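The lines below spell out each chain.
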Amino acid sequence: MIYKALKIRLFWFAILASMSISHAQDIALKPRLVVCTDIAPGNVEPDDMQSMVHLMVYADMFEIEALITSVGWNCDPYPKEWAQYLHRVIDAYEKDATNLMKRSGQTTFLSLDEENGCQRIGYWPSPGYIRSRSVMGSERGGIKVVGEGNDSPGSNLLIRLADEDDPRPIYVAAWGGANTLAQAVWRVKQSRSAEELKAFVRKFRLYTITDQDMQYSMRMNRAYSSHQWLRREFQDDLQFIWDEGTWQEQCELGKQSWPMHQRLVQGMGALGKEYPDYKWGVEGDTPSFLYVLPNGLNDPEDPSQAGWAGCHRRDICPDSLTVAWTCWQEPMRSISVGYKRRFYPDELNDFMARMQWADKGKGNHNPIVVINGHTGSQPLVVHAKAGKSVLLDASQSSDPDQHALVFHWWQQKEIGKNTLTIDNSENSITAVYVPDDAKDQALHLVCEVHDEGPFFLKAYQRIILVVDS
């Protein structure tokens, strides 16, 4: 414990020495992210490679703990040679890293030993670090292969990650199947007590893009998948999001905006040159990591909060047997898809702006939102009284590039039962009136800020009004 604390302090001093950090948001730790990808050749299924390029230009926002190549809809067993497409993207990141680092003023990488500690938002990891976290996972799909003989470098790495002395949750984004996580859980179950197993499972949060622990032709056979076993056996311990709706909308919106991808993503830097043409849809797997993106819009610990990956509620799953966070039924599907449509221009602009950095080593930065002195990606919690107004002041917000700022305040009305009255919703300072009958509720509103620079980049801050009784 003492060594770990000392290591983190040394890491912090190294970060300060190598980066230009001027804001509290930049000293927050990154969220821990694991990706299980069935990345494939472009003529088979190009969307994983598209999403991997997208992820790499956000490598400063995530602690990429593992990139696991594994089984998916189009590949059971997973062809080991397909892992080369992951490494092609990492090689492209290596070529663009110098330009990307200019976005945060970073001039050097930490040592690999330091990178294996805790990374802070704004730090671009070395290509060597990312390669060291790129491993093979389960090559076969389904619950029947989970057990002896299915251990892999990926499942072993997941166990090591969960056993680290680190309180942060581990977010697993399943672009293919989550069989590798199921195998890690199974292995721990064989050797640890029930309470130790529970603690292990509770380290993880799983976001699956549909259920791909099977071949596409048998996708309605829910019992075949290890995902159902995870939901059934660990219903109270594993935060499981089964996305049906948001990922399809991601594909369709990407197709609609494909000319912009061609002009402002493809060919931008080495990463843009690896961004393939679409076949079925565009970046269907991207919502799984956008959900975790620390941009202030949503807290991934609460899937009901709307963000760039829509929103979800805890409900019965499409298998009609298990419960998880889902958006497959109405009205939740339309609500989640509606938010995806609302935020997609912001998401795409942000992505294209980062591709400018990859290509040219210069570009626009996002604004920095400050409300009542609070900043960072975590929600601002404000205690309020029913029948009273609360003053929210975002006038200290700023733009690193000195662009003018535009403000908009709005309420996420799906959370809570009352409607807030927001005065001057387009000003930097607003008064929010809390209804008389809103006692003992938590009402959510968002301050949305965009700059007047290239791509009109957005930043957000969620405010949770806790109405005292």
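Provided above is the structure to which this section pertains.
Cut-offs applied
Residue indices follow the written sequence of each chain, beginning from 1 at its first position. In view of the model being predicted, local features appear only for residues whose pLDDT reaches at least 70, and side-chain atom pairs are presented and counted only at 80 or more, with totals across whole chains, interfaces and linings using the full set of residues. The side-chain numbers reported here are obtained from all heavy atoms of the structure, hydrogens and water having been left aside. Counting from the N terminus, the helices are DSSP H or I runs at least four residues long and the strands are E runs at least two residues long. Using C-alpha atoms as the atom set, the radius of gyration is obtained and then compared with a globule rule of 2.2 Å times the number of residues to the power 0.38. Accessible area is worked out with a 1.4 Å probe on protein chains only. A residue is then buried under 20% of its type maximum, exposed over 50%, and partly exposed in between. Among buried residues, those of type Ala, Val, Leu, Ile, Met, Phe, Trp, Tyr and Cys that are joined through side-chain atoms within 4.5 Å constitute a nonpolar core. Pairs of residues are marked as contacts when any of their non-hydrogen atoms sit within 4.5 Å. Note on aromatic pairs: the rings of Phe, Tyr and Trp (six-membered ring only in Trp) are paired at centre separations within 6.5 Å, and the planes decide the class, stacked below 30 degrees, edge-to-face beyond 60, tilted for the rest. Strand pairing follows a simple DSSP-based rule, namely that at least 2 bridges must link the two strands. For every element, the axis is a line fit to its C-alpha atoms; helices are fit only across the contacting stretch, and the angle between N-to-C directions ranges from 0 to 180 degrees. By the definition adopted for this analysis, an angle is roughly parallel if under 35 degrees, roughly antiparallel if over 145, roughly perpendicular if from 65 to 115, and oblique otherwise. Each crossing gets its handedness from the near helix: less than a right angle anticlockwise from the far helix is left-handed, clockwise is right-handed. Under the scheme applied, nonpolar residues are Ala, Val, Leu, Ile, Met, Phe, Trp, Tyr, Cys and Pro; charged residues are Asp, Glu, Lys and Arg; polar residues are all the others, including Gly. For the purposes of these results, a polar contact is taken to be a pair of N or O atoms within 3.5 Å, where, inside protein, one atom must be able to donate a hydrogen and its partner to accept one; residues adjacent in sequence count only when each atom of the pair is a side-chain atom.

Is there a simple way to explain the overall build of the protein in this structure?
Counting its regular elements, the protein contains 14 helices and 15 strands. Here the C-alpha atoms of the protein give a radius of gyration of 22 Å, agreeing with the 23 Å that 2.2 N^0.38 yields for 469 residues. Seen through its C-alpha atoms, the protein measures out along the principal axes to roughly 60 × 55 × 50 Å. Of all 469 residues assigned to the protein, the portion counted as buried reaches 62%.

Explain the nonpolar core to me, please; I cannot follow it from the model alone.
Generally speaking, soluble globular proteins have nonpolar side chains that are buried together. Within the largest apolar cluster, 81 residues are counted, with the highest numbers of intra-cluster contacts made by Met-52, Leu-55, Met-56, Phe-62, Leu-67, Tyr-93 and Leu-271. Residue contacts for Tyr-93: discarding those within four places in its chain leaves Met-56, Ala-59, Leu-100, Trp-124, Pro-125, Ser-126, Pro-127, Ile-130 and Leu-271. Ala-66, Ile-68, Ala-162 and Trp-242 belong to the second largest nonpolar core, which has 34 residues in total.

Can you walk me through the packing of aromatic side chains in this structure?
Here the structure, examined in full by the defined rule, presents 16 aromatic pairs. On the basis of an interplanar angle of 80° and a centroid distance of 4.8 Å, the ring pair of Trp-73 and Tyr-216 is categorised as edge-to-face. Taken as a pair, Trp-73 in the loop between β2 (63–69) and α3 (83–101) and Tyr-216 in the loop between β5 (204–209) and α9 (226–233) lie far apart in primary sequence, 143 residues in all. Seen in terms of ring centroids, Trp-229 and Phe-234 are 5.5 Å apart; in terms of plane orientation they differ by 90°. Their pairing is edge-to-face.

I keep staring at the sheet that holds strand β10 (residues 389–393) and nothing clicks. Help me out?
The strands making up a sheet are joined through hydrogen bonds of the backbone, oriented either antiparallel or parallel. One open sheet accounts for 3 strands, arranged β10-β13-β12; its pairing is antiparallel. Of all the strands in the sheet, just β10 and β12 (421–422) have a single pairing partner and so form its edges. Here β10 pairs with strand β13 (residues 429–433) via 5 bridges, running antiparallel. Within the sheet, the bridge partner assigned to Leu-391 lies in β13 and is Ala-431.

Hey, could you run me through the packing of helix α2 (residues 47–56) against α3 in this one?
Two packed helices can be described by the angle between their axes and the distance between those axes. Put simply, α2 and α3 touch, their axes get as near as 10 Å, and they point 25° apart. By the angle class used here, α2 and α3 are roughly parallel. Helix-helix and strand crossings are classified by hand; for α2 and α3 the assignment is right-handed. Listed contacts from α3 to Met-49, Met-52, Val-53 and Met-56 of α2 are Tyr-85, Leu-86, Arg-88, Val-89, Tyr-93 and Leu-100. Residues that form the contact of α2 with α3 fall into these classes: 9 nonpolar, no polar and 1 charged.

What am I meant to see in the side chain of Arg-103 here?
Along the chain, the position of Arg-103 falls in the loop between α3 and α4 (112–115). We classify Arg-103 as buried; its relative accessible area is 14%. A distance of 2.7 Å separates the side chain of Arg-103 from the side chain of Asn-366, its partner in a polar contact. The contacts of Arg-103, once residues within four sequence positions are left out, are Asp-60, Trp-124, Arg-354, Trp-357, Asn-364, His-365 and Asn-366.

Sorry, what's going on with the sheet that holds strand β3 (residues 134–136) here?
Strand order in this open sheet of 8 strands is β3-β2-β1-β4-β5-β6-β8-β7, and the pairing throughout is mixed. Of all the strands in the sheet, the pair left with one neighbour each is β3 and β7 (313–316). Sheet twist, expressed as the mean angle between neighbouring strand axes with direction ignored, is 30°. Two elements, strand β1 (residues 32–37) and β2, share 6 bridges in a ladder whose sense is parallel. Bridge pairing links Val-35 to Leu-67 in β2.

How do you make sense of the pairing of β7 when you look at a structure like this?
Looking along a regular strand, one sees the side chains alternate between the two faces of the sheet. Sheet analysis places β7 next to strand β8 (residues 323–326), joined by 4 bridges and oriented antiparallel. Looking across to β8, one finds that Arg-313 is bridged to Thr-326. Following β7, the chain reverses through 6 residues before pairing antiparallel with β8; Ser-320 in that reversal takes a positive phi of roughly 65°.

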